[in-house]
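A look at the structure
These are the residues of each chain, in order.
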Amino acid sequence: MQNPRIHTGKGYKKRPKIEERADRSGYSEVEYIDEEADYRNKLIEHEKEEEKIAEKKLMVLKKLKVFDDERAKIALEMKIKKDARTHEFEEAERQRQEANRQIQQAREAAEQRQRCTCHVCHQVFVNVHAKNQHFQAVHVFQCDYCYKEFSSMNALNQHK
């Protein structure tokens, strides 16, 4: 039995009777059936092409998902490495600052020792006042001829 409706591209419409078709279009019934079969074959071909395109689209979407997953994984690895390097740089900076602090303390201690060291006997004192007391008590400059004592070598030289 023949389908009472035909597809026009805009929807289905009722199939006209064979006599009406032959009269209106000038086609015979066989020609009309052949043309309808051609349209059906073309429709089937288009449906197959649509299926292929849908399969390709699905395959591309799967590949895109894999690509996005790999990109996200690489981005995470890069972030982890960046964080580790940042931590290493911060640790190196902290160590550098600590080393600079220790160097500064050593310099200050050396300057303090220099200020508190007797320039004659090189004895080290706690502060400058103790060094001055030591120098005045121990290192008195005496004249070899009159045995007079002077507080500095300059004063002794002027005496001579």
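See the structure printed just above.
Attention here is on the structure that accompanies the text. This is a predicted model, so every value here is computed, not measured.

**Some thoughts on the side chain of histidine 134**
- As for its position among the elements, histidine 134 is in helix 3 (residues 128-138).
- Residues in contact with histidine 134, not counting those within four places in the same chain, are Cys118, Cys121, Gln123, Phe125 and His139.

**Points about the pattern of salt bridges**
- The final tally for this structure, using the stated rule, is six salt bridges.
- Note that arginine 96 and glutamate 93 form a salt bridge whose closest N and O atoms lie 2.5 Å from each other. Of this pair, arginine 96 and glutamate 93 both sit in helix 2 (residues 29-115), three residues apart, which is roughly one turn of that helix.
- Of the charged contacts in the structure, one is a salt bridge between glutamate 98 and arginine 101, with a shortest N-O distance of 2.3 Å.

**Quick notes on unusual backbone geometry**
- The phi dihedral of histidine 122 falls on the positive side, at around 60°, and the residue is not glycine.
- Structurally, histidine 122 is set in the loop between helix 2 and helix 3.

**Re the state of the cysteines**
- One pass over the structure, following the stated rule, counts zero disulfides.
- Looking at the unpaired cysteine 143, the closest cysteine sulfur is the one in cysteine 146, lying at 3.7 Å.
- Accessibility expressed as a relative area gives 3% for cysteine 143, which makes it buried.

**Let's talk about a negative patch on the surface**
- On the surface, a cluster of negative charge is made up of Glu45, Glu47, Glu49, Glu50, Glu51 and Glu55.
- Relative to the elements of secondary structure, glutamate 55 occurs in helix 2.

**Considerations on a nonpolar patch on the surface**
- Nonpolar side chains collect at one region of the surface, where Leu61, Leu64 and Phe67 lie side by side and expose about 290 Å² of accessible area between them.
- Tracing the chain through its elements places leucine 64 in helix 2.
- In this structure leucine 64 comes out as partly exposed when scored by relative accessible area, which is 44%.

How each quantity is defined
- Residues numbered from 1 in each chain as written.
- Predicted model: local features only at pLDDT ≥ 70, side-chain atom pairs only at ≥ 80, totals over all residues.
- Heavy atoms only, no water.
- Helix = DSSP H or I, 4+ residues; strand = E, 2+ residues; numbered from the N terminus.
- Contact = heavy atoms within 4.5 Å.
- Salt bridge = Lys/Arg side-chain N within 4 Å of Asp/Glu carboxyl O.
- Disulfide = S-S within 2.5 Å.
- Buried < 20%, exposed > 50% of the residue type's maximum accessible area, 1.4 Å probe, protein only.
- Patch = residues over 30% accessible without salt bridge, like charges linked within 9 Å, V, L, I, M, F, W, Y side chains within 5 Å.
- Areas by Shrake-Rupley, 256 points an atom, 1.4 Å probe, with all protein chains shown as cover.
- Lys, Arg positive; Asp, Glu negative; His and termini not counted.
- Charge placed at Lys NZ, Arg CZ, Asp CG, Glu CD.

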